[in-house]
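Here's the letter readout for the chains.
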Amino acid sequence: MSVFSLRDINKSFAGNAILKGVSLEAEAGEFIALVGPSGCGKSTLLRIVAGLDHADSGEIRIGDREMSKLTAADRNIAMVFQSYALYPHLTAGQNIAVPLAMRKLTGMQRLPLIGTLLPGQRQICADIQRQVHAMAVSLKIDHLLDRKPGQMSGGQRQRVALARAMVRNPSVFLMDEPLSNLDANLRVHARGEIVDLHRRAGVPTLYVTHDQSEALSMADRVAVMISGNLLQLAPPQVIYDDPSHIEVARFIGQPRINLLLGKKDLHGIVQFGALRLASSSSDAQGDGSVTLGVRPEFVRLRVEGQGALAARVERLEFLGSEVIVFAKLAAIGETMLAKVAPGDARGLVAGQPIGLDMDPAHVMLFAEDGGRLPAAPVSAVLRETAHG
Ligand SMILES: Nc1ncnc2c1ncn2[C@@H]1O[C@H](COP(=O)(O)OP(=O)(O)O)[C@@H](O)[C@H]1O
Ligand SMILES: [Mg+2]
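Overview of the structure. Please read all numbers here as calculations on a predicted model, not as lab measurements. Within each chain, residue numbers correspond to sequence positions counted from 1 in written order. A letter from A marks each chain and a number from 1 marks each ligand, given out in the order of writing. Whole-chain, interface and lining totals are the exception, using all residues; otherwise, since this is a predicted model, local features are given only for residues with pLDDT of at least 70 and side-chain atom pairs are given and counted only at 80 or more. Hydrogens and waters are ignored; side-chain quantities use all the structure's heavy atoms.

1. Remarks on the sheet that holds strand β1 (residues 2-13)
- Strand order in the open sheet formed by 4 strands is β2-β1-β4-β5, with antiparallel pairing between adjacent strands. Of all strands in the sheet, those bounded by a partner on one side alone are β2 (16-27) and β5 (65-66).
- Summarising the sheet, β1 and β2 pair through 9 bridges and their orientation is antiparallel. Of the residues in β2, the one forming a bridge with S12 is A17.
- The contact rule is simple, with two residues in contact once any of their heavy atoms fall within 4.5 Å. Each axis is a line fitted through C-alpha atoms, and for a helix only the stretch in contact is used; angles between axes span 0 to 180 degrees, taken between their N-to-C directions. Helix and strand assignments follow DSSP, with helices taken as H or I runs no shorter than four residues and strands as E runs no shorter than two, numbered in order from the N terminus. Here helix α1 (residues 42-50) sits on the sheet in contact with β1, β2 and β4 (57-62), set at roughly 120° to β1. The criterion for strand pairing is that DSSP finds at least two bridges linking the strands in question.

2. Focus on the nonpolar core
- Membership of the largest hydrophobic core comes to 51 residues, with the highest contact counts inside it found for I96, I141, L162, F173, I194, V224 and I252.
- Ranked by the residues each element gives to this core, the list is headed by helix α5 (residues 154-166), at 6 residues.
- Apart from the residues within four sequence positions on either side, I141 is in contact with I96, A136, R159, V160 and A163.
- Within the second largest apolar cluster, 29 residues are counted, among which are A311, I354, L356 and L365. In plain words, nonpolar cores are sets of buried Ala, Val, Leu, Ile, Met, Phe, Trp, Tyr and Cys residues tied together by side-chain atoms within 4.5 Å. A 1.4 Å probe rolled over the protein chains alone gives each residue an accessible area, and that area as a share of the maximum for its type sets the label: buried under 20%, exposed over 50%, partly exposed in between.

3. A short note on the site of ligand 1
- Throughout, the term near means that a residue has one or more heavy atoms lying within 4 Å of the molecule or strand in question. Residues in contact with ligand 1, as listed here, are F13, I18, P37, S38, G39, C40, G41, K42, S43 and T44.
- Two N or O atoms count as a polar contact when they lie within 3.5 Å, although within protein this holds only if one can serve as hydrogen donor and the other as acceptor, and sequence-adjacent residues are included solely when both atoms are side-chain atoms. Between K42 and ligand 1, the recorded distance is 2.9 Å, taken from a side-chain N or O atom to an oxygen atom.
- Summarising the interface, the protein chains cover 54% of the accessible area of ligand 1, which totals 560 Å² for the free molecule.
- Here the element with the most residues in the shell around ligand 1 is α1; it accounts for 3 residues. To be clear on the numbers: accessible area is Shrake-Rupley with a 1.4 Å probe, and residue cover counts the displayed protein chains and nothing else.

4. Quick notes on the side chain of T291
- Among the structural elements, T291 can be located in strand β14 (residues 289-294).
- The class for T291 is buried, based on a relative accessible area of 13%.
- For T291, the residues in contact, after removing those within four places along its chain, are I246, L259, L260, L261, M364, L365 and F366.

5. Regarding the layout of surface pockets
- Both cavities and pockets are sets of points on a 1 Å grid over the protein atoms alone; in a cavity a 1.4 Å probe fits but cannot get out, in a pocket the set is open with protein on both sides within 12 Å along at least five of seven lines, and lining residues sit with an atom within 4 Å of a point. Grid points are joined across faces, edges and corners, and a volume is the space filled by probe spheres set on the points. Space inside the largest pocket adds up to approximately 650 Å³.
- Around the largest pocket, the lining is made up of 22 residues, and of these I77, A78, M79, P99 and R168 lie nearest the centre.
- When residues are grouped by polarity, Ala, Val, Leu, Ile, Met, Phe, Trp, Tyr, Cys and Pro land in nonpolar, Asp, Glu, Lys and Arg in charged, and all others, Gly among them, in polar. For the lining of the largest pocket, the residue count by class is 17 nonpolar, 1 polar and 4 charged.
- A97, A101, L105, R110 and C125 are the residues nearest the centre of the second largest pocket, which is lined by 17 residues in total.
- Among the secondary structure elements, those contributing two or more residues to the lining of the second largest pocket are α2 (92-104) and α4 (121-138).
- Looking at the lining of the second largest pocket element by element, the count peaks at 5 residues for α2.
- In terms of residue class, the lining of the second largest pocket is made up of 11 nonpolar, 5 polar and 1 charged.

Structure below.
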């Protein structure tokens, strides 16, 4: 059973549709990364789930409870923002205690002097201190509890913000680009920490990021949102290997996927240079445009004349364990990227003519509307025509 679900969430600002019928369901303890380019509506969706904003229509459920009508405070949802939003005049310990104090103490009990005189206040405060300390130990920030935000590094502030969000056992955890203020090394380290924390807490998490490598490396499932449409929700490997839409293929993967415009003939055959591919027979009627997609690791370098496509080396990008070869196709002037082992790129120089081959088993086809076309036994067709 899903523990958390969104159904058909719509939202417009001043007549502009920002969220266009977004639906998703999270299983117990699942970590979902919501990824998409800046401005696609990720923060808007998160704010709606948290109750900081309202959808025009749609449903938000936690367990079997509909949340849309509840205030932010009543949803028991925790949210961590990019800016952490810690209170600068409070210590780390006091910051972490805020949500507990808000929930457990009355307004009178929270007053600095009078509060201490009221019955029950001491006991509750001692409980809060214990919880804050336990949370701090689990995030390894107990030595920071007396420091104010100004006396902590970005990574430390980020952990305090996480502790503050986690301390009240939320039923759903929302994070909006919580790592984007950290420098690159710390960011990679913090990914692991958040995933660990999530595993220990077991709270379903919706994690927003514009960084596709963050989404792929952290999440159980990745939700790809483009222009307010949630295009695909699937495990990272499926999102990468088997994108359902051309925009997903384009957004996911570093270096980018190669996309080449081709034409389908009356028999459903897509011809690209010497490469001939069959789109599925059910799609064989039209002669429309199709886009051929192939990831750089499935493009091979050949001696000129042997490859399916004639090209010229433009430049090389050395990445250590691999090299990205940028090669311009002679026929259409498009630049293809090939990701190869350094040994395979040795001796290549800019301007050199080469041939490019694609692994036919890894070529994808996309229809004009961006939808994925099932590819027929591509390799069989390729092999037949390669000789003929
Ligand atoms: N309160 C608002 N009023 C008007 N437009 C808004 C408001 N909040 C967000 N938008 C617009 O909605 C779009 C999506 O914004 P946002 O959800 O912040 O994107 P993301 O978090 O994916 O970068 C943007 O074009 C933004 O300008
Ligand atoms: Mg945002």
